[in-house]
Amino acid sequence: MLEEKVRAFLRRKGIELNNKKLLIGVSGGPDSIALLHYLWSFKHLFNIEIVAAHVDHMFRGDESFQDAMFVRDYCIEREIPFEMEQIDVPEFIEKTGKSSQAAARDCRYSFFGKIAKKHNVDYIALGHHGDDQVETILMRLTRGSTGKARAGMPFIRPFADCFIIRPFLCMSRNEIEQYCLKEGITPRRDPSNEKSIYSRNRFRKEVLPFLREENPHVHEHFQRFSEDLQSDEAYLQELTVHKMNTVMEKKTDEEISLDIDAFEAMPMPLQRRGIQLILNYLYKERPASLSASHIESIFSLMKSPHPSGKLIFPNDLHIVRSYRKCHFQFPKEPVQSYRFQVSEPAIIKLPNGGSIIFEYTDCPDGNLNNDTLLLDREDVSLPLIIRTRGAGDRMTLKGMQGTKKIKDIFIDCKIPLQERETWPIVTDAHGRILWVPGLKKSHYSMQHTSGASYIILKYIKQ
Ligand SMILES: Nc1ncnc2c1ncn2[C@@H]1O[C@H](COP(=O)(O)OP(=O)(O)OP(=O)(O)O)[C@@H](O)[C@H]1O
């Protein structure tokens with residue numbers, strides 16, 4: 001019996017309808033009219049308040065208006081408050097370019113949200129049933145969905161300050177039809193439910209009969225599968241968030257950097273979810289063209305024997321591997337190359353976020369590491385030039401014979417590709433490279449010898 005099964009299902013899901021207010025989305029088809037009837041007939045027993053809501057999508061002219069009238073009349077006869085709206089979905093499709101199903105859904109849900117607020121309801125109940133669930137799961141698996149999308153429709157989810165629930169997920173289409181017959185309800189039939197142009201209808205007609213033949217209770221097993229997968233998924237998701245916070249750095253809303261070694265030490269199921277997490281964070285709206293093969297290509301990039309490489313994803317998301325780091329970012333405005341001249345004490349702010357401090361000193365203190373350069377005031381030709389790298393730049397390193405390419409210094413010091421473009425280089429007035437701040441000094445750099453007068457340059461990285 002439908003009544004007992006639904007009550008047991010709601011009990012198992014921990015939903016207490018007593019003293020609650022519900023909005024029911026009623027299309028006039030068998031499932032939602034049966035749901036309305038079911039909740040209405042238990043109104044006093046449950047002590048619930050119900051409101052019915054119908055949207056005329058204006059797809060089928062007078063026929064769809066008659067659906068609305070059917071639901072309205074049903075409600076008037078039973079003194080059920082009724083809300084309806086005619087929404088010009090064909091016009092909405094024209095404006096947005098959405099598919100007819102997606103457009104109708106968007107319009108419907110925004111109406112539900114509005115009416116749910118108006119009546120201050122606890123739940124919005126929809127008529128999706130177990131066969132819808134089987135179709136949804138199979139369609140999503142066939143299309144290649146990931147994560148919790150594979151689990152189909154949730155029984156409950158938050159929506160517009162209340163919750164959407166689907167009390168009929170435990171029932172088959174056939175059981176609902178039987179209930180309608182028993183209760184003397186003659187639902188409206190939407191002819192588009194028969195059209196094979198819709199993928200759902202093909203699953204309904206071709207796949208469902210086979211499964212039902214194999215096992216008449218197939219929808220119950222799919223529903224269990226859906227619930228188990230959703231709870232496993234929620235748990236793994238929580239673990240993933242926790243772990244990912246230790247291996248990635250959110251630099252901005254549009255940039256995340258990942259430590260590859262720490263990431264690869266995570267268990268594989270968390271790695272896959274971790275990548276999804278990054279993509280969901282960066283893509284505010286996930287592009288439809290993003291597929292499982294994109295995720296695979298990120299793993300290949302990180303595992304590649306080459307220390308650097310780049311992928312370009314939909315909407316121009318760049319994924320750049322540089323040594324043991326992987327950067328996910330939407331490219332910023334390209335940073336222009338720069339060139340500053342300095343011949344007296346000053347602080348030069350660099351476009352890469354760092355700065356260089358120019359000072360005079362007779363008595364430098366502190367340790368003279370690669371972030372500090374000491375020059376003899378008598379020897380150096382001013383102005384000093386602070387600029388980005390140029391093709392063929394070379395310098396003579398302190399304590400070494402011959403010259404070395406600046407490019408090789410960046411490679412030896414494992415400076416990520418994108419940082420090299422904006423890294424400062426300091427030369428004297430003749431263009432001789434004196435210093436690659438933070439990395440290497442040339443043989444022009446001095447050790448402190450008392451008595452002389454110096455220029456001291458300090459590099460403060462971002
Ligand atoms: N035009 C509508 N107005 C109000 N609610 C709707 C409308 N269309 C769908 N719904 C709600 O969304 C649920 C799922 O819709 P879907 O389009 O998948 O099914 P349906 O074939 O319309 O189902 P039904 O047999 O209830 O007509 C319906 O059961 C109903 O609760």
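Residues numbered from 1 in each chain as written. Predicted model: local features only at pLDDT ≥ 70, side-chain atom pairs only at ≥ 80, totals over all residues.

- Within an unreviewed UniProt entry, the label attached to the chain reads tRNA(Ile)-lysidine synthase, and the organism entered is Cytobacillus oceanisediminis.
- Of the chain, the UniProt comment under Subcellular location (unreviewed entry) reads exactly: "Cytoplasm".
- As its UniProt record puts it under Sequence similarities (unreviewed entry), the chain is described as follows: "Belongs to the tRNA(Ile)-lysidine synthase family." (UniProt positions renumbered as here; feature names shortened; annotations may be inferred.)

1. Topic: the sheet that holds strand E15 (residues 372–376)
Each strand in a sheet pairs with its neighbour through backbone hydrogen bonds, running either in the same direction (parallel) or in the opposite one (antiparallel).
Right, on to step 1. Within the open sheet, the 4 strands sit side by side as E13-E14-E22-E15. Their pairing is antiparallel. Each end of this open sheet is capped by a strand with a single partner; those strands are strand E13 (346–349) and E15. Neighbouring strand axes in the sheet, compared pairwise and without regard to direction, differ in orientation by 20 degrees on average.
Right, on to step 2. Relative to strand E22 (residues 454–460), E15 runs antiparallel, the two being bridged by 5 bridges. Looking at the pairing, Leu375 lines up with Ile455 of E22. (Pairing = 2+ DSSP bridges. Helix = DSSP H or I, 4+ residues; strand = E, 2+ residues; numbered from the N terminus. Axes fitted to C-alpha atoms, helices over the stretch in contact; angles between N-to-C directions.)

2. Section: the sheet that holds strand E6 (residues 162–165)
Right, on to step 1. The sheet built from 6 strands is open, its strands ordered E3-E2-E1-E4-E6-E5 with mixed pairing. Every other strand in the sheet has two partners, leaving strand E3 (82–86) and strand E5 (156–159) as the edge strands with one partner each. Across the sheet, the axes of successive neighbouring strands diverge by a mean angle of 25 degrees, strand direction being ignored.
Right, on to step 2. Where strand E1 (residues 21–25) and strand E2 (residues 49–56) come together, 5 bridges link them in parallel fashion. When the bridges of E2 are listed, Gly25 appears paired with Ala53.
Right, on to step 3. On the sheet, helix H2 (residues 30–41) packs against E1, E2 and strand E4 (123–125) and is oriented at approximately 160 degrees with respect to E1. (Contact = placed C-beta atoms within 7 Å.)

3. Quick look at the site of the ligand
Right, on to step 1. In the vicinity of the ligand lie 17 residues, with Gly25, Gly29, Asp31, Ser32 and Gly127 positioned nearest.
Right, on to step 2. Elements represented by at least two residues in the shell around the ligand include exactly H2 and E2.
Right, on to step 3. Per-class residue counts for the shell around the ligand are 5 nonpolar, 9 polar and 3 charged. (Near = placed C-beta within 6 Å. Nonpolar A, V, L, I, M, F, W, Y, C, P; charged D, E, K, R; others polar.)

4. Quick look at the domain arrangement of the chain
By convention, interface size is frequently given as the accessible area that disappears when the constituent parts associate.
Right, on to step 1. Segmentation of the chain into domains returns domain 1 (2–230), domain 2 (253–329) and domain 3 (339–460).
Right, on to step 2. Of the residues assigned to the side of domain 2 that touches domain 3, the class counts are 2 nonpolar, 2 polar and 1 charged. (Domains from an automatic or database assignment.)

5. Some words on the packing of H2 against helix H8 (residues 173–183)
Right, on to step 1. Relative orientation of the contacting elements H2 and H8 amounts to 55 degrees, with a least axis distance of 10 Å. When the interaxial angle is binned, H2 and H8 end up oblique. Once H2 is placed against H8, the crossing between them reads as left-handed. Each of Pro30, Asp31, Ala34 and His37 in H2 lies in contact with H8, whose residues at this interface are Ile176, Glu177, Tyr179, Cys180 and Glu183. (Parallel < 35°, antiparallel > 145°, perpendicular 65-115°, else oblique. Left-handed = near helix turned anticlockwise from the far one by under 90°.)

6. Describing the nonpolar core
Right, on to step 1. The biggest cluster of nonpolar side chains holds 38 residues, and the ones touching the most others in it are Leu23, Ile24, Ala52, Ile124 and Ala125.
Right, on to step 2. In contact with Ile24, not counting residues within four places along its chain, are Leu35, Leu36, Leu39, Ile50, Ala52, Ala53 and Ala125.
Right, on to step 3. Counting 23 residues, the second largest nonpolar core, distinct from the first, contains Leu375, Val436, Tyr444 and Tyr454. (Core = buried A, V, L, I, M, F, W, Y, C linked by C-beta atoms within 7 Å. Buried ≥ 20, exposed ≤ 12 C-beta atoms within 10 Å, placed from the backbone.)

7. Focus: the environment of Arg377
Right, on to step 1. With respect to the helices, strands and loops of the structure, Arg377 is situated in the loop between E15 and strand E16 (384–387).
Right, on to step 2. Along the primary structure Arg377 and His294 are separated by 83 residues, whereas in three dimensions their C-alpha atoms are 56 Å apart.
Right, on to step 3. For Arg377, the residues in contact, after removing those within four places along its chain, are Ser453, Tyr454 and Ile455.

8. Re the packing of helix H10 (residues 218–247) against helix H12 (residues 268–282)
Right, on to step 1. With their axes 9 Å apart at the nearest point, H10 and H12 run at an angle of 75 degrees to one another. When the interaxial angle is binned, H10 and H12 end up roughly perpendicular. Contacts from Leu236, Gln237, Leu239, Thr240, Val241, Lys243 and Met244 of H10 reach H12 at Pro269, Leu270, Arg273, Gly274 and Leu277.
Right, on to step 2. Here the contact of H10 with H12 is composed, by residue class, of 7 nonpolar, 3 polar and 2 charged.

9. Re the UniProt feature "binding site: ATP" (unreviewed entry) in the chain
Right, on to step 1. UniProt feature "binding site: ATP" (unreviewed entry): in the numbering of this structure it lies at Ser27, Gly28, Gly29, Pro30, Asp31 and Ser32.
Right, on to step 2. Within the secondary structure, Gly29 is located in the loop between E1 and H2.
Right, on to step 3. Contacts of Gly29, omitting those with residues within four sequence positions, involve Pro187, Arg188 and Asp190.
Right, on to step 4. Structurally, Asp31 can be placed in helix H2.
Right, on to step 5. Setting aside residues no more than four positions away along its own chain, Asp31 makes contact with Gly127, His129, Phe168 and Ile176.

10. Structural notes on the pairing of E1
Right, on to step 1. With 4 of 5 residues buried, E1 lies mostly within the body of the structure.
Right, on to step 2. Across 3 bridges, the pairing between E1 and E4 is parallel. Within the sheet, the bridge partner assigned to Leu23 lies in E4 and is Ile124.

11. Some remarks on the environment of Ser337
Right, on to step 1. Secondary-structure assignment places Ser337 in the loop between strand E11 (325–329) and strand E12 (339–342).
Right, on to step 2. Classification of Ser337 as exposed rests on a count of 12 C-beta atoms within 10 Å.

12. Things to note about the pairing of strand E20 (residues 433–436)
Right, on to step 1. Sheet topology places strand E19 (residues 425–427) next to E20; 2 bridges connect them, and they run antiparallel. Note on E20: the bridge partner recorded for Thr427 is Ile433.
Right, on to step 2. Remark: 5 residues form the turn of the hairpin made by E19 and E20, two consecutive strands paired antiparallel; Gly431 in that turn has positive phi of roughly 85 degrees.
Right, on to step 3. In this sheet, strand E21 (residues 440–441) lies alongside E20 in antiparallel orientation, the contact comprising 2 bridges. Bridged to Val436 within E21 is Lys440.
Right, on to step 4. Here E20 hands over to E21 after 3 residues, with Gly438 in that stretch at a positive phi of 85 degrees.

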